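Inside the fold
Here is what each chain is made of, one letter per residue.
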Amino acid sequence: MAEESDLEKTEPASPRRLEKAHEEGQVARSRELVTFVMLTTAVAALWAMGEVMGGHFGSAMRNGLQFERASAFDASHMMVQAGTAILHALQALMPLLVLMLVAALVAPMMLGGWLLSGKSLAPKFSKLNPVAGISRMFSAESLAELLKTIVKSLLIGGVAWWVLSGKLPAIMGLMNEPVTSALPHTLKLVVVCCTLIIASLLLVAGIDVPYQLWSHARKLRMSREDLRQEQKESDGDPQVKAQIRRQQQQMAKRRMMAEVPKADIIVTNPTHYAVALKYLDKEMRAPRVIAKGADLVALRIRAMAEENRIPILEAPPLTRALYRHTQLGQEIPVALYAAVAEVLAWAYQLQRLHSEGGEAPRTPQNLPVPDSLDPAGSPA
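Throughout what follows, the structure given in this document is the object of discussion. (Residues numbered from 1 in each chain as written. Predicted model: local features only at pLDDT ≥ 70, side-chain atom pairs only at ≥ 80, totals over all residues. Heavy atoms only, no water.)

**Notes on the packing of helix α6 (residues 140-166) against helix α8 (residues 179-219)**
In contact at an axis separation of 9 Å, α6 and α8 are set at 170° when each is read in the N-to-C sense. For the element pair α6 / α8, the angle class is roughly antiparallel. Taking contact as the criterion, the partners of Glu 141, Ala 144, Glu 145, Lys 148, Lys 152, Leu 155, Ile 156, Val 159, Ala 160, Trp 162, Val 163 and Leu 164 in α6 are, on α8, Cys 193, Leu 196, Ile 197, Ser 200, Leu 201, Leu 203, Val 204, Asp 208, Tyr 211, Gln 212 and Lys 219. For the contact of α6 with α8, a count of residues per class yields 15 nonpolar, 2 polar and 6 charged. (Axes fitted to C-alpha atoms, helices over the stretch in contact; angles between N-to-C directions. Helix = DSSP H or I, 4+ residues; strand = E, 2+ residues; numbered from the N terminus. Parallel < 35°, antiparallel > 145°, perpendicular 65-115°, else oblique. Contact = heavy atoms within 4.5 Å. Nonpolar A, V, L, I, M, F, W, Y, C, P; charged D, E, K, R; others polar.)

**Thoughts on the environment of Met 109**
Topologically, Met 109 is positioned in the loop between α4 (75-106) and α5 (130-137). Residue classification places Met 109 among the partly exposed residues on the basis of a relative accessible area of 46%. When the C-alpha positions of Met 109 and Val 34 are compared, they lie 9.8 Å apart, and in sequence the two are 75 residues distant. (Buried < 20%, exposed > 50% of the residue type's maximum accessible area, 1.4 Å probe, protein only.)

**A word on the pattern of salt bridges**
Note that side chains of opposite charge can pair when their charged atoms are close. On inspection of all chains with the given rule, the structure shows 4 salt bridges. The partner of Lys 152 in a salt bridge is Glu 32, with the nearest N and O atoms 3.0 Å apart. Residue Lys 152 is found in helix α6, and its partner Glu 32 is found in helix α3 (residues 31-65); the two are separated by 120 residues along the sequence. Where Glu 331 meets Arg 285, a salt bridge forms, and the shortest distance between an N and an O atom there is 3.3 Å. Taken as a pair, Glu 331 in the loop between α12 (316-325) and α13 (337-356) and Arg 285 in the loop between β2 (273-278) and β3 (288-294) lie far apart in primary sequence, 46 residues in all. (Salt bridge = Lys/Arg side-chain N within 4 Å of Asp/Glu carboxyl O.)

**Considerations on α6**
The end-to-end C-alpha separation of α6 is 39 Å, in line with the 39 Å expected for 27 residues at 1.5 Å each. Along α6, the positions that sit buried rather than exposed are Glu 145, Lys 148, Val 159, Ala 160 and Val 163. (Expected span 1.5 Å × (residues − 1).)

Below, the structure written as structure tokens:
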């Protein structure tokens, strides 16, 4: 039962799922909202520019119906007359067409925004599957669209019948009016009828927009398993991440071991810990830890020190303090300056002994290591 509940799509879509759906062209869309915006724009344009448009159409009709007898047999004159009529028609319709184009571009921004996705245009052969097509035809979504179309048709048809039946005498009276007055009156009747139809479309769009938002959100729902898988993909597979960490640690260890031959001295504890110190008078303000390790790593540091003839000193308190309180490449704490200075002096004396001879230096004893820096309670 737990597995079934984890596979049920009951969780809202994550931001990453929404972004991916947008890239694939899956956004909420309402054709009713677009229709309402475009029809409203057209009616507003007709209302504001009806008189101007009527004047242009009247001019086109006058020019088209007036001709001389001699011109009736001249084909070139007929072409000129046709071109003039077309020009008048374009002048009349151009503002309306521009406004409709703007409305067609702006309307989608009101729900879902603009979408330019090549994935939505890519061919999908799964859409050619007749079985899948039949299943979509009889799906709950198709049934909802059918019911919505029927209700919309009945509503708009009923409003149109009510409006036109009330305006029938005025429509019939247009035949008895001169052309110059009939055209503006026709446009006014169209505007009035369309305004009332728009009011019904507003109701349809007000119902369709929330439905499309709900339907889109339902399609993008995710199961708990989907959320876990997405989280795993974004954070990375724990096994892969662990492998990467192991590789990074191995690389860091190899870089650290490559620094051991450059050390001035190795201090040990005596086998649990090993710390390699380096000091360059003109380049460093204080000695630095260039390598450190515990147990097997400490043994490897000691072995490399012996191979490269680097002095090794057993100094448990100092080694513990350096191992605990200093990171790789970091300068030693100020409180350990005196102890490390004594150790480095001993190492330099050994180097001089090997190169020039003389008496062996005294091995440092009881180094001044503050008790606060010595983790005496840790394994040693």
